[in-house]
Every structure is written in structure tokens, then in C-alpha cells.
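Chain by chain, the residues run as shown.
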Amino acid sequence: AAGVIQSPRHLIKEKRETATLKCYPIPRHDTVYWYQQGPGQDPQFLISFYEKMQSDKGSIPDRFSAQQFSDYHSELNMSSLELGDSALYFCASSSNTDTQYFGPGTRLTVL
Amino acid sequence: AQRVTQPEKLLSVFKGAPVELKCNYSYSGSPELFWYVQYSRQRLQLLLRHISRESIKGFTADLNKGETSFHLKKPFAQEEDSAMYYCALRGGGYQKVTFGTGTKLQVIP
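Residues numbered from 1 in each chain as written. Chains lettered and ligands numbered in written order. Predicted model: local features only at pLDDT ≥ 70, side-chain atom pairs only at ≥ 80, totals over all residues. Heavy atoms only, no water.

Undergrad: What should I look at first to understand the overall build of chain B in this one?
TA: Counting secondary structure elements, chain B contains 0 helices and 11 strands. Counting from the amino terminus, helix and strand elements in chain B follow one another as β-β-β-β-β-β-β-β-β-β-β. Taken over C-alpha atoms, the radius of gyration comes to 13 Å for chain B, in line with the 13 Å a tight globule of 109 residues would show. With the principal axes as the frame, chain B shows a C-alpha extent of 40 × 30 × 25 Å. If you take every contact in chain B between residues at least 6 apart in sequence, the share linking residues at least 24 apart comes to 58%. As presented, chain B carries roughly 5500 Å² of accessible surface, and 51% of it is formed by carbon and sulfur atoms. Positive and negative side-chain charges in chain B, numbering 15 and 9 respectively, have mean positions lying 7 Å apart. (Helix = DSSP H or I, 4+ residues; strand = E, 2+ residues; numbered from the N terminus. Rg over C-alpha atoms; globule rule 2.2 N^0.38 Å. Contact = heavy atoms within 4.5 Å. Areas by Shrake-Rupley, 256 points an atom, 1.4 Å probe, with all protein chains shown as cover. Lys, Arg positive; Asp, Glu negative; His and termini not counted. Charge placed at Lys NZ, Arg CZ, Asp CG, Glu CD.)

Shown next, in the form of C-alpha cells:
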């Protein structure tokens, strides 16, 4: 069965650069959630989208933005990267069954 | 490799009945175990973690290393407990949290 796909799996950037992370939900899933997990930390909710509209917003910095496209994939755009942005970013998708299915994550390293 | 197994996709109980959501894990070292709750279409919220040994909303969970289990329990279910519950594991250092597939708890009035 198809799972949540995230790309890239690993990304290395320098401070002040920009990064774009992509999440492809399971087919027919209409909701995408983004989480950030720092080293040795718990996952923190960033933002979610339902039917291409932002449905909830968590501790997402103003330097970050995200959107969900017509094909339901989502992109997390991160600008003016800081060392503290180094983390694992993973997304989850769900349909009206509410079960969240988690992607493998993108590991971002900011040098 | 780390793995979390939640064998029940759906658990229905009557209000006031005891609840036990099962979670088994596979990890070679000493993991941190968590339970997260998700109310309908909302974000995941941390319910409890094994290292704090606290009780949240009447829920408790004990880490049983011999059985590699971390079952979530509550003596008397309430209607507001109806939600999705995810067991999660984090290995040491930079390892990511691994979530189980979730159990939907349905409390029947």
C-alpha cells in the first residue's frame, strides 16, 4: 500500500538559506500535518491543512510558510534558516477516518 | 530498528468501564515511550511519557521492559475520552519518534 512520501530525505543548508520540504499524502487523504522534531526532543506540531485550507497552526516560526496544493501534496517553505532549525520534519496525512499516517521525515541540517 | 505495534484499530467500551489500549514495542536499547492523543481532526497532543510517571486525565501507562509493552489504562472511561490514541517510541540521541498505527477509542454513553 502507498504510504506518505517526503522529499528530500536529507537536506543540508547553510544559515540564511532557504529550504523547501515536500509531502505527498496517501491517495485520497485530504489532510496534511507538519511536525518538527529537534534532536532529543518531542515532535512539535507546526501546521495542518484540510482540503487545501489551513486548518490549524502551531509553533511555526514566521520565517516558515506552508501550503497544500490542488493534488493535496504540501510544501513547507523555510527561509532565513537558523542553526536551530536543524531537525527532523515529518508530515502525516489522514482522511475522514482520522488516523494519521506518518511519513519517514526529512532530516534538515543547517550549517 | 525500532517498531511500535498497536494491535487494536478500534476499541469500543461503555462509559464507566475500564479501558486498556495495548502497545508493544521493539527496540534494542532503552527507549522513551509516549502516548499521544488526537481528537477529531486536531493535532497530536502528548498525553503522557513513561519517564514522568504522571497520570493525565486519569490515564496511566507502565513500561514493562520484560514484555516490551506500554499499555495505556484508565479505570473508568468517559465520553470525552473518545479519540485516536498513538503509542510512540524514541530511541536515544537523534533518532526520530516512531508512532504506532493508532487505536480509535470509542466510549459509548
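Undergrad: What is the right way to read the sheet that holds strand β8 (residues 74-78) of chain A from this model?
TA: Pairing between the strands of a sheet comes from backbone hydrogen bonds, and it takes one of two forms, parallel or antiparallel. All names here are of chain A. Taken together, 4 strands build an open sheet; the order of strands is β1-β3-β8-β7 and the sheet is antiparallel. The two strands at the open ends of the sheet, each matched to only one other strand, are β1 (5-7) and β7 (64-68). Ignoring strand direction, the axes of neighbouring strands in this sheet form an average angle of 15°. Two elements, β1 and strand β3 (residues 19-24), share 3 bridges in a ladder whose sense is antiparallel. Within the sheet, the bridge partner assigned to Ile5 lies in β3 and is Tyr24. (Pairing = 2+ DSSP bridges. Axes fitted to C-alpha atoms, helices over the stretch in contact; angles between N-to-C directions.)

Undergrad: Got a minute to help me understand the pairing of strand β11 (residues 103-108) of chain B in this structure?
TA: If a strand is regular, its side chains alternate between the two faces of the sheet. Residue and element names in this part refer to chain B. The alternating pattern of β11 places Thr103, Leu105 and Val107 on a buried face and Lys104, Gln106 and Ile108 on a face that is not buried. The pairing of strand β2 (residues 10-14) with β11 spans 5 bridges and is parallel. Bridging from a neighbouring strand, Leu10 pairs with Lys104 of β11. As defined by bridge partners, strand β9 (residues 83-90) adjoins β11 across 3 bridges and the pair is classed as antiparallel. By the bridge assignment for β11, Met84 is matched with Lys104. (Buried < 20%, exposed > 50% of the residue type's maximum accessible area, 1.4 Å probe, protein only.)

Undergrad: Sorry if this is basic, but what is going on with the packing of aromatic side chains here?
TA: Centre-to-centre distance and the angle between the planes together describe a pair of aromatic rings. Residue and element names in this part refer to chain A. For the coordinates displayed, the defined rule picks out 11 aromatic pairs over all chains. The interplanar angle of 20° and the centroid separation of 5.7 Å between the aromatic rings of Tyr35 and Phe90 together place this pair among those described as stacked. Of this pair, Tyr35 sits in strand β4 (residues 31-37) while Phe90 is found in strand β9 (residues 87-94), placing the two residues 55 residues apart along the sequence. Its relative accessible area of 2% is what places Tyr35 among the buried residues. For Phe90, a relative accessible area of 2% corresponds to the buried category. (Phe/Tyr/Trp six-rings, centres within 6.5 Å; stacked < 30°, edge-to-face > 60°.)

Undergrad: What is the right way to look at the interface of chain A and chain B in this model?
TA: Buried accessible area, meaning the area lost when the parts come together, often serves as the stated size of an interface. Facing 26 residues of chain A, the contacting portion of chain B comprises 20 residues. Summed over both partners, the interface of chain A with chain B buries about 1900 Å², with 46% contributed by carbon and sulfur atoms. Counting across the chain A and chain B interface gives 0 salt bridges. Put simply, chain A and chain B have 4 residue pairs in polar contact (both at pLDDT 80 or more) between them. Ranked by residues supplied to the side of chain A that touches chain B, first place goes to β4(A) with 4 residues. Here the residues of the side of chain A that touches chain B sort into 10 nonpolar, 10 polar and 6 charged. (Buried area = accessible area lost by both parts, 1.4 Å probe. Salt bridge = Lys/Arg side-chain N within 4 Å of Asp/Glu carboxyl O. Polar contact = N/O pair within 3.5 Å; in protein donor to acceptor, adjacent residues only side chain to side chain. Nonpolar A, V, L, I, M, F, W, Y, C, P; charged D, E, K, R; others polar.)

Undergrad: Would you mind showing me how to read the sheet that holds strand β8 (residues 72-74) of chain B here?
TA: All names here are of chain B. Read from one edge to the other, the open sheet built from 3 strands follows the order β3-β8-β7, with strand pairing classed as antiparallel. Where the open sheet ends on each side, the last strands, each with one partner, are β3 (19-21) and β7 (60-61). Note that β7 and β8 share 2 bridges and pair antiparallel. Across the sheet, Thr60 pairs through a bridge with Lys73, a residue of β8.

Undergrad: Teacher, can you tell me more about unusual backbone geometry here?
TA: What is expected of a backbone is that most residues other than glycine have negative phi and most peptide bonds are trans. In this structure, the amide linkage connecting Ser7(A) to the following residue, Pro8(A), adopts the cis form with an omega of -10°. A positive phi angle, close to 50°, is found at Glu51(A), a residue other than glycine. Inspection of the secondary structure assignment puts Glu51(A) in the loop between β5 (44-50) and β6 (53-57). At Lys57(B), a position not held by glycine, the phi torsion is positive, near 55°. Tracing the chain through its elements places Lys57(B) in the loop between β6 (45-49) and β7.

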